[in-house]
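Listed here are the chains, written in short residue letters.
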Amino acid sequence: MTTMTRAKSAAALPINQILDGDCIQVMNSLPEASVDLIFADPPYNLQLKGELHRPDNSRVDAVDDHWDQFSNFAAYDAFTQDWLRAARRLLKPDGAIWVIGSYHNIFRVGAALQDAGFWILNDVIWRKANPMPNFRGKRFTNAHETMIWASKSEGAKYTFNYEALKSLNEGIQMRSDWVLPICNGGERLKDANGDKAHPTQKPQSLLHRVIVGSTNPGDVVLDPFFGTGTTGAVAKMLGRDWIGIEREAAYREVALKRLGDVRAFDKGALEVSTSKRAEPRVPFGQLVERGMLRPGEMLINGRGQMAKVRADGTLVGDGVTGSIHQVGAKLEGAPSCNGWTYWHFRRDGKTVPIDVLRQQIRSEM
C-alpha cells in the first residue's frame, strides 16, 4: 500500500513510500548503503528572466517555480554537492545513479559527480521526438536532455542488463542516444484546474529503459526529486521497490493518487533477456560426475571426428588431450572453440549437443 509519511528514523528503510521533506535531510536520515539505484531529476537552475511568450504573444508555461531558483552558481553548486554526497552514502557498493539535466546544469553536475567519488559510465542523450520549439528564434531548438549514469566508485560492480536493452532495441546494441517523445497527451498529469501538475514531468518510456537496463526485480530505486512520481510508478510496475522524496505538497498528492492506481506486472512478464555469461557456470566434469556422460563414452563433432570422455572431465581424440574447448580448437586448427556447441553425444540413435545436458543442470540451480 502506498503511504505518505515524514522520515524520522534510520532504523528501517521506508520502501514504497513518499517521504515529505528536504531531500538532503531525508537522505541523511536513511540507512547507509541501502539503495540499489538512484534516479535524480534535480532543479535545472534555468535562470529564466521574466515570462516567455510565443510569437502570438501567448504565455509559455515554462519552469519558473521557486524550487528551480538559486541566487547564483555558487549556491547551486553547494546544493548539488550536498545532495550528491547524501546520495552516495545511500548507495550500496554495487549501486548506481542516473542524473538528468539540460545545458543549464548538467556540466556542473557532471563535475560534482566526479568530485564526489562517483565513476561515470555513460552520458546518454535523450533526443526528444517532439521538442518544444524555440519561440524567440534566437537559438537552436532545445531538442535533447543529457543523463549521466555513474557507479558508486571506480571499479565497482553495477547492474547492466545488456541483453534486455538489446531486445528492447530489436536485437541491436542499445546506443547512448535515445529517441523518445516528451510527456504529453493522456500521460501528462493535470491538476484540478486542468493545468500541468508538474512542469517537467518525465515520460514513462524514459524511466522504463533506465530501470529495466540498470536494476533487477526486488531492487530499491530512490528518487530524491520525486515530483509527480514517474520513477515510483514505473518501478512499481516493474516489480522494484521505490522511495520518493518530495517537499512540495501538491506534487505529493498527485503522486500518491497516481501510485495508488498503478498495478505491478505479473512475475513472468518481468523476466528479461540475460547474457549467457550471466548464467551459472557448469564445468563439463560435472556431467561426468553425475553420470550424464560416462568415462569412455565417445563424443562426435560435425565432421564425424570422435573424442573419448575421461574420468576427470577431459577428452582425448586424435592424439590430443584437454578440455572440450581445447580439443575442439585443436581439431579445427582454430585459436578457440566453444566445446558446448561443438561436441555431440548419441542417445537412442540421435545426435544431441552436450549443451542440452548443461542446460538441464542449470534448470536445477
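Summary of the structure given here. (Residues numbered from 1 in each chain as written. Predicted model: local features only at pLDDT ≥ 70, side-chain atom pairs only at ≥ 80, totals over all residues. Heavy atoms only, no water.)

## Here we look at the environment of Pro31
This is how the line gets drawn: A run of H or I in DSSP counts as a helix once it spans at least four residues, and a run of E counts as a strand once it spans at least two, with each numbered from the N terminus. Accessibility here uses a 1.4 Å probe with only protein chains present; expressed as a share of the type maximum, an area under 20% marks a residue as buried, one over 50% as exposed, and anything in between as partly exposed.
Within the secondary structure, Pro31 sits in the loop between helix H1 (23–29) and strand S3 (35–40). With a relative accessible area of 18%, Pro31 lands in the buried category. Between the alpha carbons of Pro31 and Arg89 there is a distance of 8.8 Å; along the sequence they are 58 residues apart.

## Focus on the nonpolar core
Quick note on the threshold: Side-chain atoms within 4.5 Å are what join buried Ala, Val, Leu, Ile, Met, Phe, Trp, Tyr and Cys residues into a set we call a nonpolar core. Contact criterion: two residues are considered in contact whenever any of their non-hydrogen atoms come within 4.5 Å of each other.
Formed by 34 residues in total, the largest nonpolar core has its most connected members in Phe39, Trp98, Ile100, Met147, Trp178, Leu206 and Val210. Here the element with the most residues in this core is helix H5 (residues 204–214); it accounts for 5 residues. Here Trp178 is in contact with Trp98, Val124, Ile125, Trp126, Arg127, Met147, Leu206, Arg209 and Val210, once residues within four sequence places are set aside. Counting 31 residues, the second largest nonpolar core, distinct from the first, contains Leu84, Ile106, Ile148 and Leu222.

## What about unusual backbone geometry?
Positive phi is not limited to glycine here, since Glu170 has a value of about 55°. One can find Glu170 in the loop between helix H4 (162–168) and strand S7 (177–180). You can call Glu170 exposed: its relative accessible area is 76%.

## Examining the packing of aromatic side chains
Note the threshold: Only rings of Phe, Tyr and Trp enter the pairing, Trp through its six-membered ring, and a pair is recorded when the two centres are within 6.5 Å. The plane angle decides the type: under 30 degrees is stacked, over 60 is edge-to-face, the rest tilted. Definition used: whenever NZ (Lys) or CZ (Arg) falls within 6 Å of the ring centre and also within 35 degrees of the ring normal, the charge is taken to sit over that ring.
Applying the stated criterion to the full structure yields 11 aromatic pairs. Judged by centre distance (5.9 Å) and plane angle (45°), the ring pair of Trp98 and Trp178 falls under tilted. With a gap of 80 residues between them, Trp98 in strand S4 (residues 91–101) and Trp178 in strand S7 connect regions that are remote in the sequence. Both residues of the pair, Trp98 and Trp178, count as buried. Put simply, the rings of Trp98, Trp149, Tyr158, Phe160, Tyr162 and Trp178 pair up and form one aromatic cluster. Between the NZ or CZ atom of Lys128 and the centre of the ring of Trp126, over which it lies, the distance is 5.2 Å. It is Arg209 that lies over the ring of Trp178; its NZ or CZ is 5.0 Å from the centre.

## A closer look at helix H7 (residues 249–260)
In an α-helix, one turn spans 3.6 residues; hence positions three or four apart end up facing the same way. Worth spelling out the cut-off: Every helix has an expected span of 1.5 Å times one less than the residues it contains. To be clear, the arc concerns the directions from the helix axis to the C-beta atoms.
Taking 1.5 Å per residue as the helical rise, H7 with its 12 residues ought to reach 16 Å, and the 17 Å between its terminal C-alpha atoms agrees with that figure. Among all positions in H7, only Tyr251, Arg252, Ala255, Arg258 and Leu259 are buried. One side of H7 carries all its buried residues, which in axial view fall inside an arc of 130°. Turned more than 90 degrees away from the buried face of H7 sit Ala250, Glu253 and Lys257, all of them exposed.

## Some details on the pairing of strand S8 (residues 220–223)
Convention followed: Strands were regarded as paired on the criterion that DSSP finds at least two bridges between them. The definition of a right-handed crossover adopted here requires that, viewed with the strands pointing away, the path from the first strand over the helix to the second runs clockwise.
Of the two faces of S8, the one holding Val220 and Leu222 and the one holding Val221 and Asp223 are both buried throughout. As judged from the 4 bridges shared by S8 and strand S9 (residues 241–245), these two strands associate in the parallel manner. Paired with Val221 across the two strands is Trp242, which belongs to S9. Of the crossover connections in this fold, the one passing from S8 over helix H6 (residues 230–237) to the parallel S9 is right-handed.

## Section: the pattern of salt bridges
Note the following rule: We define a salt bridge as a side-chain nitrogen of Lys or Arg found within 4 Å of a carboxyl oxygen belonging to Asp or Glu.
Considering all chains together, one arrives at 13 salt bridges under this definition. The partner of Arg252 in a salt bridge is Asp20, and the shortest N-O contact between them spans 3.1 Å. With a gap of 232 residues between them, Arg252 in helix H7 and Asp20 in the loop between strand S2 (17–19) and H1 connect regions that are remote in the sequence. Judged by relative accessible area, Arg252 falls into the buried class, the value being 10%. Taking relative accessible area as the criterion, Asp20 reaches 18% and is therefore assigned buried. Across the pair Glu364 and Arg290 runs a salt bridge, and its minimum N-O distance is 2.7 Å. With Glu364 in helix H12 (residues 355–364) and Arg290 in the loop between helix H9 (284–289) and strand S10 (298–300), this residue pair connects regions lying 74 residues apart in the sequence. Looking at Arg290, the relative accessible area reads 42%, which means it is partly exposed.

Bear in mind that shape data such as this cannot, by itself, settle questions of function.
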